[in-house]
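So the chains spell out like this:
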Amino acid sequence: MNSTVSETGLSSVDIETLQNTAWCEMFDRAIRLSPFYKEHFGKAGFSPSSPPPLSEIGRLPTTDKNTISNDPKSFLCVPQSQIVEVVTTSGSTGSPLVWQLTEGDLNRLGRNEELSFGCVGLDAGDTVILAVALDRCFIAGLAYSLGLRRRGCSVVRVGPATPVMHYDMIRRTGATAIVGVPSFLKRLADKAEEENGFDPAGSSIRKAVCIGEPIRERDLSLNHAGRSVERLWKAQAFSTYGVTELAASLCECGAGRGGHLHPELLHLEALDEQGRPVPDGQIGELAATTFGVEAMPLIRYRTGDHAAIFREPCACGRKTLRIGPIVGRANQKLKLKGTTIFPSTLKTVLDDTPGVAAYAIIARSDNSGAEAIEVKVACEDDSSRVFSELRDRFQGEARVSPQLTAAAADEIENLQMPAGARKRRYFVDLRA
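Definitions and limits used
Residues numbered from 1 in each chain as written. Predicted model: local features only at pLDDT ≥ 70, side-chain atom pairs only at ≥ 80, totals over all residues. Heavy atoms only, no water. 1 Å grid on protein atoms, 1.4 Å probe; cavity = no way out; pocket = protein on both sides within 12 Å on 5 of 7 lines; lining within 4 Å. Points joined across faces, edges and corners; volume = space filled by probe spheres on them. Helix = DSSP H or I, 4+ residues; strand = E, 2+ residues; numbered from the N terminus. Axes fitted to C-alpha atoms, helices over the stretch in contact; angles between N-to-C directions. Parallel < 35°, antiparallel > 145°, perpendicular 65-115°, else oblique. Contact = heavy atoms within 4.5 Å. Nonpolar A, V, L, I, M, F, W, Y, C, P; charged D, E, K, R; others polar. pLDDT = per-residue confidence, 0-100. Pairing = 2+ DSSP bridges.

1. Regarding empty space enclosed by the protein
- Tallied over the entire structure, the rule returns 2 cavities of 30 Å³ or more.
- Lining the second largest cavity, in full, are Trp99, Gln100, Leu101, Asp105, Arg108, Glu245, Leu246, Ala247, Val293, Ala295 and Met296.
- If one sorts the elements of the lining of the second largest cavity by residue count, strand β3 (residues 98–102) sits on top with 3 residues.

Encoded structure:
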């Protein structure tokens, strides 16, 4: 794949040509070398000599995580001797998938992050704190490190270490940017009050790349988490969305109007429950096709993540497809007395209600299959006032009335970060 593609100068015709070429190469590789795709597409009437044009990719059947879990080795297109890196998915929606990469796949991964950090405006001369794990088989820290080095940045691999270590390294390196989970960045800022002499807002950090949690509402305005990061750090917050299996991410530019696709590396669709494309700007499940992958290519992979796609040119000059914030996952969708919502809708209300210190959203189902939601809340002040406001806002904004239960902060912390967890969770699914 051409690694000299301009980061901002692609025309619509350039993008179409680039993707069509990449698509033909990817389809040919997958159907010839992957036992799964040879059978999967063969049953659908396709052969290496009869690929559908990319504009008709919807004729091909989709895949999903369950399909891969059944036989991940059948997706491999290279001998095991060519695998140089093994990672796993987060496991937030089931058992973690083992994902394998070749040296070429690592180069592609680094190229993707090089382009993504280009959207942020990071370059040689920037020093970047990575408040992200580089161990435990995570792909994120590895990817960000590769991409930042390709941009010429200085990389400070602090990881999810103690706040004191972060403060010390920011002071000593004069770091200009930080990459981390928004809730962790907020915790660093909150803890700074206990650390004499460190002021996040007065530090050298001017850009915060936020991973793992949304920082925008559906209308692309900053949500509570995004506003908190910008207020506490006096830094511009950038949202990014990544999926381990795609070995790719989509990061915002300074315009903050959605994460930019890198068309030589990925193709995206937004689908409804029946697998049909939804109109641009409407929420659908993201289905991805990877380009340039050697070991485990994916074609029409249903990620489970729901977001809107935007195609109009961005204010930054890029004409590439963009995605809005992830509003939820397919298996997190809740149905309460005829109303269908994602936990993120409840999270928005909780985040924007004064007096809510911490919370966990818990879903259960009874023997009849009916679903119920309990929200455990730790309050900063008068719980009766907080609960009264929450009931009104849940009914008015989400049109549901979940059960509200007062809880201690340590109980909620245990729900959000149970033993062995790799990611903080705000939604606990106890449905059968």
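Resuming the write-up.
2. What about the packing of helix α6 (residues 163–173) against helix α7 (residues 182–191)?
- Closest axis-to-axis distance for the α6/α7 pair is 10 Å, and the angle between their directions is 85°. Looking at the two axes, α6 sits roughly perpendicular to α7. On α7, the residues touching Pro163, His166 and Tyr167 of α6 are Phe184, Leu188 and Lys191.
- Its residues assigned to classes, the contact of α6 with α7 shows 4 nonpolar, 1 polar and 1 charged.

3. Describing the confidence of the model for the protein chain
- With 96% of its residues at a pLDDT of 70 or more, the protein chain shows a mean pLDDT of 91.
- Scored below 50 in pLDDT, residues 1–6 shows 11 contacts in the model against residues more than four places distant or in partner chains.

4. Details of the sheet that holds strand β18 (residues 356–365)
- An order of β20-β19-β18-β21 is seen for the 4 strands of this open sheet, with the pairing classed as mixed. Every other strand in the sheet has two partners, leaving β20 (403–406) and β21 (427–429) as the edge strands with one partner each. Strand after strand, the sheet turns through a mean of 25° between neighbouring axes, direction not considered.
- Note: β18 against β21, 3 bridges, orientation parallel. When the bridges of β21 are listed, isoleucine 361 appears paired with phenylalanine 427.
- Lying over the sheet, helix α9 (residues 343–351) contacts β18, β19 (371–379) and β21, oriented at roughly 155° with respect to β18.
- Strands in contact with helix α10 (residues 383–398) are β18, β19 and β20; relative to β20, the strand with the most contacts, it is inclined by about 160°.

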